[in-house]
Amino acid sequence: MTDYGLAPDQIDTTKPHPARMYDFYLNGKDHYEVDAEAAGRVLDVYPTVRLNATVNRGFIHRATRWLAREAGVRQFLDIGTGIPTEPNLHQVAQGVIPEARVVYTDYDPIVLAYAQALLIGTPEGRTAYVQSDVRDPERIMSAPELHETLDLTQPVAISVNALFHFIPEEDKPYEIVRKLMEPLVPGSYLMLTHSTHDFSEETWRNVIQVYKESGISFTTRSQSEVGAFFDGLELIDPGVSEPHQWKPDPGDRPETTRSADINMWAGVARKS
Ligand SMILES: C[S@@+](CC[C@H](N)C(=O)[O-])C[C@H]1O[C@@H](n2cnc3c(N)ncnc32)[C@H](O)[C@@H]1O
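Keep in mind the model is a prediction, meaning the values are calculated, not measured.

A. Main features of the overall build of the protein. The helix and strand inventory of the protein stands at 11 helices and seven strands. In terms of overall size, the protein behaves like a compact globule, its C-alpha atoms giving a radius of gyration of 18 Å where 272 residues would be expected to give roughly 19 Å. Here the protein, with 272 residues, has 45% of them falling under the buried criterion. Contacts spanning at least 24 positions in sequence make up 75% of the contacts within the protein whose residues lie at least 6 apart.

B. Representation of the confidence of the model for the protein in the model. The pLDDT averaged across the protein works out to 96; a share of 97% of its residues lies at or above 70. With pLDDT under 50 throughout, residues 1–5 is counted as low confidence; its partners more than four residues away or in other chains account for six contacts.

C. Just the sheet that holds strand β7 (residues 264–270), in detail. Read across the open sheet, the seven strands follow the order β3-β2-β1-β4-β5-β7-β6; overall the sheet is mixed. Both outer strands of the open sheet, β3 (126–131) and β6 (234–235), are each paired with one neighbouring strand and no more. Here strand β4 (residues 157–161) pairs with strand β5 (residues 189–195) via five bridges, running parallel. What sits directly across from N161, in β5, is T193.

D. Summary view of the environment of H17. Topologically, H17 is positioned in the segment before α1 (18–25). Classification of H17 as buried rests on a count of 25 C-beta atoms within 10 Å. Here the alpha-carbon distance between H17 and S214, two residues 197 residues apart in the chain, equals 8.5 Å.

E. Geometry of unusual backbone geometry. Of the consecutive residues E86 and P87, the connecting peptide bond is found in the cis state with omega at -10°. Tracing the backbone shows P87 in the loop between β1 (75–79) and α4 (89–96). If you check the backbone angles, K172 has positive phi at about 55° while not being a glycine. Within the secondary structure, K172 is located in the loop between β4 and α8 (173–181). Take K172: there are 13 C-beta atoms within 10 Å of it, and that puts it in the partly exposed class. One non-glycine residue, N263, adopts positive backbone phi at about 55°. Mapped onto the elements of the fold, N263 is located in the loop between α11 (259–262) and β7.

F. Layout of the packing of α1 against helix α2 (residues 33–45). Packing of α1 against α2 leaves a shortest axis separation of 9 Å and a crossing angle of 65°. The pairing of α1 with α2 is recorded here as roughly perpendicular in orientation. Classified by chirality, the crossing of α2 by α1 is right-handed. Contact residues: R20, M21, F24 and Y25 in α1; D35, A36, A38 and A39 in α2. Of the residues belonging to the contact of α1 with α2, the class tally is six nonpolar, no polar and two charged.

G. Focus on the pairing of strand β2 (residues 101–106). Within β2, six of the six residues are buried, which leaves it mostly tucked inside the rest of the structure. Judged from the five bridges that link them, β1 and β2 form a sheet pairing that is parallel. Paired with F76 across the bridge in β2 is V102. Once you follow β1 into α4 and on to β2, the crossover reads as right-handed. Strand direction decides the pairing type here: β2 and β3, joined by six bridges, are parallel. Within the sheet, the bridge partner assigned to D106 lies in β3 and is Q131.

What counts, and at which threshold
Residues numbered from 1 in each chain as written. Predicted model: local features only at pLDDT ≥ 70, side-chain atom pairs only at ≥ 80, totals over all residues. Helix = DSSP H or I, 4+ residues; strand = E, 2+ residues; numbered from the N terminus. Rg over C-alpha atoms; globule rule 2.2 N^0.38 Å. Buried ≥ 20, exposed ≤ 12 C-beta atoms within 10 Å, placed from the backbone. Contact = placed C-beta atoms within 7 Å. pLDDT = per-residue confidence, 0-100. Pairing = 2+ DSSP bridges. Axes fitted to C-alpha atoms, helices over the stretch in contact; angles between N-to-C directions. Parallel < 35°, antiparallel > 145°, perpendicular 65-115°, else oblique. Left-handed = near helix turned anticlockwise from the far one by under 90°. Nonpolar A, V, L, I, M, F, W, Y, C, P; charged D, E, K, R; others polar. Right-handed = clockwise from strand over helix to strand, strands pointing away.

Put into structure tokens, the structure is as follows:
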């Protein structure tokens, strides 16, 4: 039994789960044989998938630091959090603003099982966890844990990283993002990363096939389709870009990273 009263048998080990496959890509330990098998098949057809995951995490860290330091955001709502991976978003945000508040959300019981690691932050700050499916944005935005932690009269940065490629068109992904941003005040932000077929269609045909055979829906989107998630918001420079190209840190050499190794679009935008 975990801290949240979750019995281990509530974790389905008969089929692969996105959070646990991602843990495999990041060299974590919190996945099962079934996940390692499916993730290994992705690795066969997409040998740089581990680099894709690492570059995605690098973007999350830089964008969170930028939001805290340059945009002065003190509240974060991270949806599709994944299994805790250090540094977690609250550790990055609270590293800049110790009193930063962070609410995490995921629909996978494995993330709930490890959520305790997401709840240990600075004494000045605060974190909370909401177990919810992003396809029910009203439930997330009205969750009591969210309102106990975040003040929605002040700006909030919503992050949805490597999440919306799991949401097919029939689940209305663009409408979901609009509903998440709708209750937020001007000065709030959206941070998003998303897999794309723009640089290597064949790789993605093969990757999508592996996910499909594992029972996981996967939809890649083009740069303009990813850009449409930011409609009505002001994109922060450099716009919808490759994650390693988004405000690289001094000393980073993004020009040495091949687009077809990463296959992702990333962006941050402000609600005005
Ligand atoms: C590839 S991981 C990304 C983790 C983290 N956001 C990052 O970018 O490092 C995708 C996460 O989205 C979660 N997820 C997938 N579909 C979801 C849904 N419908 N509602 C909430 N979370 C979902 C998975 O459980 C997984 O933890």
